[in-house]
Amino acid sequence: MSEIPAKATESTDPLDGARTEAADDAVAHVRPGEPPSGDAMWQSSPPGSIYDYIKVASFSIGPDGLVEQWSLRAEQLFGIPARHAVGMDPIEAFIDPDLRAQGQRKMAEILDGREWTGVVPFRVPPSAADGECGREGLAEVYVMPTRTEEGEKAAVCIVVDVRTLRSIETDLAASQAIFGQSPFGFVLIDPDLRVRRVNYRFASLFGGSPDDHRGKGVHDYLPRPEAERVTATLRRVLETGDSITDMHVTGFLPGSDERRHWSINLYRVRSGSGRPIGIAWLGTDITARRAAAREAAAARRNLALLNEAGARIGNSLDLETTARELLDVVVPGFCDLATVDLYQGLLAGDETPPGLADGSAELRRVAFASAVSDAPFIGSGDPVSVGAVHHYPFNSPCADALRTARPQYIPAEEGGLVQSTLAVPMVAHDTVVGLAQFARTKGSEPFGDRDRDLAVELAARAAVCIDNARLYRREHERALILQRSLLPPGDPVASGLDIACRYLPGNSSADRPSEVGGDWFDVIELPGHRTALVVGDVMGRGLRAAVAMGELRSAVRTLALLDLEPAEVLSALDEIARGLGAPGGVQQATRAARRPREADLLEVYLATCVYAVYDSVTRRCTFANAGHLPPVLVEPGEDALMLDVPPGMPLGVGGEPFEEVEVELPEGALLALYTDGLVESRDHPLDEGLQAFVGALTDPSAPLEDVCDHVLNTLDTHHGEDDIALLMARVQGLPADSVGDWTLPREPRSVGKAREYARGQLLSWGLEPLVDTTELLVSELVTNALRYGEGDIRLRLLLDRTLVCEVWDSGLVQPRRRRARDTDEGGRGLQLVGLLSAAWGSRRTPRGKTVWFELPLPDGQNGMVDPAEALLSLF
């Protein structure tokens, strides 16, 4: 290059090839009372001028061409302190060696009095501060000739950093791009919260040109409540400098009633000196996004509601519970109030719901739920309480919904709490079983089409569960009726025993909801104030097991009335149980047992049973066991123990005899018979359950009902895997003064003696009304024992709830009652016994037989039979 241009705003000579980027500028504030440091020297006073953004420095050159004065800004721009810069040759210090000759010629021209402007590349000399040495830059220099006090020629140089200028040009271009090309609304707000500038996007939404919005406030664009909220936020951003991201604002565009939603970002804008000069507002219209988000949220909510309904509705096979489960799901997640009405006929157990064609059949309100109040619907006629039976008028929307099986919108009434109601029929298997109503109160969003579809789906799911519950209730009630009809009715009563019992049917499984078990117990009164206690369990479940249990129980009662020994009763039951699985009954089973085993085995019914006979006079109890769990005995003051009764084979196996065990029970002892459901479950093995049961019987003196409840509460009786039967008896033997026992010789005068003994005993008991009848009947039985019996005769009178008279002898021939002809002189003795007594009979004993009769006590309720009339009736 031959010379540096005399005047230029941008260099066009080869010196431009020597340009490099200058260092980044920094901005710092000057605090009062502190010396300026760093970029603080660039701050002017007052702030806010262009010099806050561009770097401008000055220095002067003396007549000798050396630096004579060096400003603070020059020190900041070049990084050379004044003590080093003064006296320095600027050409030698800053210009590249290749360009120094040309620089010297320009210096000479300047000192000759010529002005000059141009762009000069420079390099910071080694005398600069740390980090500045060797830095290259590009400066635009303006040189103005001056004179010293002596009149010598000098110069003043104004230097501007070219890189900073071009950065400002870039920033201005970017700013114009944001305002002019941004697809988002951009607003610059001044410290007075007035609009300073808006871009074309913002102006296109709110009308007018960008200049028309200058000076407006937030209240000119937003409704008052929203404008106040945004104004408070703007003040907070201006004061704290904290930016706001994704703030949602709601408003309306000019000339439109459609509510719009915007997402705005706010941040404080500062000048080059750091002074806040306003707030930048960047807004995006999110109305469509909000609508899509609402739709997605509604879809997710509906899906979650359906999932919750699937998980919570139908867990119970109970009609009312299922209806309440539906309302628990929909309130308050779907609606504010809800009711469920079911057809009254369905609840009553009818085979099919009795819905009339006009939709006005009787319904019962089975469930109600509210998130806002406990009162029924307002504006829907008279309030209907839960449990009340009602019907809807023919022309009502609810009746129309029941009639057409389609949901109906119910219009809201003026002044009511409800603003939107859906009446949805509950349809299961093409049958309407009831009506569900869903209501939303004022302030909630009204029901839409999507809500209607969801309500129909929820009601349909609940309807199917309710219909299943109806079918289960019907089948289960039938099974329970059958099962309970085979158990003893009411509370059993026995002579010399205090009885308490419990029966808990097992919970039905999901795949077999109506099955019942084969557990049973029985208390059978026997002659002579004796009692038979029976507990059994037919293996398996279902109606077949219940029917087999009923047959075995009937057989036990029949065999017990024959007054057989316990072992004989079980042997006969074993034959009967084997006959239950044979097509021809017991006889066919007996014949089949004599033939070789065939390939097709008959169906086998197995059962366990314990049979005990208790005598209240001797307090002795005889046990026989057919594969059942052992009885438990608790004597007063002693720990409970399991009686050692030999467990024979279960009923239905056959081939093995049963053994008997006789135990004397002390007064006040507690006897417990039970089935395996009480002591065995999947989680508790049998041995553990037996020990727990024995440990639970700690207080035998407590009332028996309390003992039963304590046992059931202590043991794991809620597993529901099997039926539970528990029979408990406390021993209360007959007092000695309630027994009269005499032995009579085998001679005719013993008849008169027997009458005397009977009369004396009855008078001592205060039973004078029974004396004549008893004397007559005792005379007949003792006479028969003398005529047809053997050995000594024993007379025994027993007083408890009834009067029992027994005549014992050693003969084995049982008396047989026959009807005497009119011409017969005898044969009417047993007929007379049958007429005058409440019951009579005979039983075998180990050493003969016993003939007995029973008379009710004269309590004023049971009328006594007149012996004279009875005698006359025989002829």
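Above this note sits the structure.
Report on the accompanying structure.

Section: the overall build of the protein chain
Okay, so step 1: Broken down by element type, the protein chain carries 21 helices and 31 strands.
Okay, so step 2: Residues classed as buried in the protein chain amount to 46% of the 875 residues present.
Okay, so step 3: Taking contacts inside the protein chain between residues at least 6 apart in sequence as the whole, the part at least 24 apart equals 61%.
Okay, so step 4: Entry remark: accessible area of the protein chain is about 43,700 Å², with carbon and sulfur atoms responsible for 51%.

Observations regarding the pairing of strand 19 (residues 530–541)
Successive side chains on a regular strand alternate, one facing one side of the sheet and the next facing the other.
Okay, so step 1: Most of strand 19 sits inside the fold, with nine of its twelve residues counted as buried.
Okay, so step 2: Where strand 18 (residues 517–526) lies against strand 19, nine bridges are found, and the strand directions are antiparallel. Bridging across to strand 19, V523 finds its partner in L533.
Okay, so step 3: Hairpin connection of strand 18 to strand 19: three residues between the antiparallel strands, including G528 at a positive phi of 75°.
Okay, so step 4: For strand 19 and strand 20 (residues 607–615), the ladder comprises nine bridges, and the chain directions are antiparallel. Each residue of the ladder has a partner; that of A532, found in strand 20, is V613.

Observations regarding empty space enclosed by the protein
Okay, so step 1: Following the criterion strictly, the structure yields two cavities of 30 Å³ or more and no others.
Okay, so step 2: There is about 340 Å³ of room inside the largest cavity.
Okay, so step 3: Lining the largest cavity are 22 residues; nearest its centre among them are F59, I91, I95, V120 and V141.
Okay, so step 4: Elements that contribute at least two residues to the lining of the largest cavity include exactly strand 1 (56–61), helix 3 (90–94), helix 4 (100–111), strand 3 (116–123), strand 4 (136–147) and strand 5 (153–161).
Okay, so step 5: Residues belonging to the lining of the largest cavity are distributed by class as follows: 20 nonpolar, one polar and one charged.
Okay, so step 6: Roughly 30 Å³ of internal volume is contained in the second largest cavity.

Looking at a negative patch on the surface
Okay, so step 1: A cluster of like negative charges, contributed by D64, E68, E149, E150 and E152, occupies part of the molecular surface.
Okay, so step 2: With respect to the helices and strands, E68 occurs in strand 2 (residues 67–70).

Some details on the nonpolar core
Okay, so step 1: Ranked by size, the top nonpolar core spans 50 residues in total, and within it V330, F334, V340, M426 and F438 carry the most contacts.
Okay, so step 2: The leading source of residues in this core is helix 12 (residues 449–485), at nine residues.
Okay, so step 3: When neighbours within four sequence positions are excluded, F438 is seen to be in contact with V330, F334, C335, L337, A338, S420, T421, L422, V424, F447 and A455.
Okay, so step 4: L744, W765, L786 and L832 belong to the second largest nonpolar core, which has 30 residues in total.

What about the packing of aromatic side chains?
Okay, so step 1: Taken as a whole, this structure holds 13 aromatic pairs when the rule is applied.
Okay, so step 2: On the basis of an interplanar angle of 50° and a centroid distance of 5.0 Å, the ring pair of F78 and F94 is categorised as tilted. With a gap of 16 residues between them, F78 in helix 1 (residues 72–78) and F94 in helix 3 connect regions that are remote in the sequence. For the pair formed by F78 and F94, the shared burial category is buried.
Okay, so step 3: When the ring of W742 is compared with that of Y757, the centres are 5.3 Å apart and the planes differ by 5°; the resulting orientation is stacked. In this pair, W742 is assigned in strand 27 (residues 739–744) and Y757 in helix 18 (residues 750–765), connecting sequence segments 15 residues apart.
Okay, so step 4: Classification of W742 by relative accessible area gives buried; the value is 18%.
Okay, so step 5: A relative accessible area of 27% places Y757 in the partly exposed class.
Okay, so step 6: Following the ring pairs from residue to residue traces out a cluster consisting of F59, W70, F78, F94 and F122.
Okay, so step 7: Here the basic side chain of R403 rests over the ring of F394, its NZ or CZ set 4.5 Å away from the ring centre.
Okay, so step 8: The ring of W808 has R794 lying over it, and the distance from NZ or CZ to the ring centre is 4.5 Å.

Some details on helix 20 (residues 829–836)
Okay, so step 1: Of all eight residues in helix 20, six are buried, a share of seventy percent or more.
Okay, so step 2: Listed in full, the buried residues belonging to helix 20 are G829, L830, Q831, L832, V833 and L836.

A look at the sheet that holds strand 3
Okay, so step 1: Taken in spatial order, the five strands of this open sheet run 2-1-5-4-3, and their pairing is antiparallel. Of all the strands in the sheet, just strand 2 and strand 3 have a single pairing partner and so form its edges. Here the strands of the sheet are splayed against their neighbours by 30° on average, with no regard to which way each runs.
Okay, so step 2: Here eight bridges tie strand 3 to strand 4, and the two strands are oriented antiparallel to one another. Its bridge partner lying in strand 4, W116 is registered against V143.

What about the sheet that holds strand 7 (residues 195–198)?
Okay, so step 1: Reading across the sheet, the five strands line up as 7-6-10-9-8 and stay open at both edges, with antiparallel pairing between neighbours. Among the strands making up the open sheet, the edge pair consists of strand 7 and strand 8 (244–252). Adjacent strand axes in the sheet meet at a mean angle of 30°, parallel and antiparallel pairs treated alike.
Okay, so step 2: In this sheet, strand 10 (residues 276–285) lies alongside strand 6 (residues 185–189) in antiparallel orientation, the contact comprising five bridges. Paired with G185 across the two strands is G283, which belongs to strand 10.

Describing the packing of helix 8 (residues 287–312) against helix 9 (residues 319–330)
Okay, so step 1: The N-to-C vectors of helix 8 and helix 9 enclose an angle of 155°; their axes lie 10 Å apart at closest approach. In terms of axis orientation, helix 8 runs roughly antiparallel to helix 9. The interaxial crossing formed by helix 8 with helix 9 has right-handed handedness. Where helix 8 abuts helix 9, its residues L305, E308, A309 and R312 lie against E325, D328 and V329.

Concerning the pairing of strand 16 (residues 431–441)
Okay, so step 1: Across the eleven residues of strand 16, ten count as buried, placing the element largely inside the fold.
Okay, so step 2: Alignment of strand 11 (residues 337–343) against strand 16, held across six bridges, turns out to be antiparallel. If you follow D341 over to strand 16, its bridge partner there is L435.
Okay, so step 3: Strand direction decides the pairing type here: strand 15 (residues 418–428) and strand 16, joined by ten bridges, are antiparallel. Its bridge partner lying in strand 16, S420 is registered against R440.

Concerning the packing of helix 19 (residues 771–788) against helix 20
Okay, so step 1: Packing of helix 19 against helix 20 leaves a shortest axis separation of 10 Å and a crossing angle of 145°. Every pair of crossing elements has a handedness; the one defined by helix 19 and helix 20 is left-handed. Facing helix 19, whose interface residues are T773, L776, L777, E780, L781 and N784, helix 20 presents G829, L830, L832, V833 and L836.
Okay, so step 2: Here the contact of helix 19 with helix 20 is composed, by residue class, of seven nonpolar, three polar and one charged.

Details of unusual backbone geometry
Excluding glycine, a negative phi dihedral is what most residues carry, and trans is how most peptide bonds are arranged.
Okay, so step 1: Cis geometry is adopted by the peptide bond preceding P332, which originates at V331 and carries an omega value of 0°.
Okay, so step 2: Here P332 shows up in the loop between helix 9 and strand 11.
Okay, so step 3: The phi torsion at L193 lies on the positive side, around 60°, for a residue other than glycine.
Okay, so step 4: Along the chain, L193 turns up in the loop between strand 6 and strand 7.

The rules behind the values
Residues numbered from 1 in each chain as written. Predicted model: local features only at pLDDT ≥ 70, side-chain atom pairs only at ≥ 80, totals over all residues. Heavy atoms only, no water. Helix = DSSP H or I, 4+ residues; strand = E, 2+ residues; numbered from the N terminus. Buried < 20%, exposed > 50% of the residue type's maximum accessible area, 1.4 Å probe, protein only. Contact = heavy atoms within 4.5 Å. Areas by Shrake-Rupley, 256 points an atom, 1.4 Å probe, with all protein chains shown as cover. Pairing = 2+ DSSP bridges. 1 Å grid on protein atoms, 1.4 Å probe; cavity = no way out; pocket = protein on both sides within 12 Å on 5 of 7 lines; lining within 4 Å. Points joined across faces, edges and corners; volume = space filled by probe spheres on them. Nonpolar A, V, L, I, M, F, W, Y, C, P; charged D, E, K, R; others polar. Patch = residues over 30% accessible without salt bridge, like charges linked within 9 Å, V, L, I, M, F, W, Y side chains within 5 Å. Salt bridge = Lys/Arg side-chain N within 4 Å of Asp/Glu carboxyl O. Lys, Arg positive; Asp, Glu negative; His and termini not counted. Charge placed at Lys NZ, Arg CZ, Asp CG, Glu CD. Core = buried A, V, L, I, M, F, W, Y, C linked by side-chain atoms within 4.5 Å. Phe/Tyr/Trp six-rings, centres within 6.5 Å; stacked < 30°, edge-to-face > 60°. Lys NZ or Arg CZ within 6 Å of the ring centre and 35° of its normal. Axes fitted to C-alpha atoms, helices over the stretch in contact; angles between N-to-C directions. Parallel < 35°, antiparallel > 145°, perpendicular 65-115°, else oblique. Left-handed = near helix turned anticlockwise from the far one by under 90°.

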